[in-house]
Structure formats: structure tokens, C-alpha cells
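The chain contents come next:
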Amino acid sequence: MPQFVIERDMPGVGRLTPADLKGASQGSCNVLRDLPDVQWVHSYVTDDKIYCVYRAPNEDLIRRHAEIAGFPANSIAVVRATIDPTTAE
């Protein structure tokens, strides 16, 4: 299944409390129950953005999840390859 990186512009998100982040995670998971073809892998929270990694058959389902959950999806890019330090060996 294709993997996507979603960039979410969310000013101040890095200042959210653990409880706030838990609530956002729960909201996302609630929407995912109704979109069984979409899988949330993990997310990186920075000061003003969240970068999420998802698996889904297509970008439209990623956008649908964002709309229903109430999260921005400012940029969605399909992952073409994954590299890490072992790639250099």
C-alpha cells in the first residue's frame, strides 16, 4: 500500500500538552475506524507543524481523513523510497 507524508501547518502545536496531543490522537483514531483502508503510522510534532506518515490506497482518502478529523493537510506527498545510513553501505 502506498505511504504518504502529510504536512500540517498548525501554529503553536509544539506547545500543546500531552493531554491535548492525546485528544488529537483519539480524534484521528475515531475517524480511522470509519476509514479502514487508511493507516496512521506515526507523526512528528514540531513547533508549528505536524508531519504525519500514513498508508492508504490513494491521496483522496488521506484528504478525506483530514477533512473529517478537522486537521489541515497542507501538503501530501507519496513516499517513493526510504533511505537511512545503511543505504550508504
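Computed from a predicted structure; not experimentally measured.

Draft legend 1. Region of interest: helix H2 (residues 59–69). Taken together, the buried positions of H2 are occupied by Leu61, Ile62, His65 and Ala66. The buried residues of H2 occupy an angular sector of 140 degrees when projected down its axis, which confines them to one face. H2 presents Asp60, Glu67 and Ile68 as exposed residues on the side facing more than 90 degrees away from its buried surface. Close packing links the buried residues of H2 with strand E1 (3–9), helix H1 (18–32), strand E3 (49–55) and strand E4 (75–78). If you check the start of H2, you find a side-chain oxygen 3.1 Å away from the backbone N of Asp60, and it comes from Asn58.

Draft legend 2. Broad picture of the nonpolar core. Of all hydrophobic cores here, the largest spans 18 residues; its most connected members are Phe4, Ile6, Val38, Tyr54, Ile62 and Ile76. For this core, the secondary structure elements donating two or more residues are E1, H1, E3 and H2. Ignoring sequence-local partners within four residues, the contact set of Ile62 consists of Phe4, Ile6, Val38, Tyr54, Ala56 and Ile76.

Definitions and cut-offs
- Counting from 1, residues in each chain are numbered in the order their sequence is written.
- Only residues with pLDDT of 70 or above have their local features reported here, since the model is predicted, and side-chain atom pairs are shown and tallied only from 80 upward, although totals for entire chains, interfaces and linings are computed over all residues.
- The side-chain numbers reported here are obtained from all heavy atoms of the structure, hydrogens and water having been left aside.
- Under the scheme applied here, a residue whose accessible area is under 20% of the maximum for its type counts as buried, over 50% as exposed, and between as partly exposed, the area being computed with a 1.4 Å probe on protein chains only.
- Numbering of helices and strands runs from the N terminus; a helix is a DSSP stretch of H or I covering at least four residues, while a strand is a stretch of E covering at least two.
- Read the arc as the range of directions from the helix axis to the C-beta atoms.
- Contacts are assigned to residue pairs with any non-hydrogen atoms lying within 4.5 Å of each other.
- In the analysis that follows, any N or O atom pair within 3.5 Å is treated as a polar contact, provided that within protein one partner can donate a hydrogen and the other can accept it, and provided that, for residues neighboring in sequence, both atoms belong to side chains.
- Residues belong to a common nonpolar core when they are buried Ala, Val, Leu, Ile, Met, Phe, Trp, Tyr or Cys residues joined through side-chain atoms within 4.5 Å.

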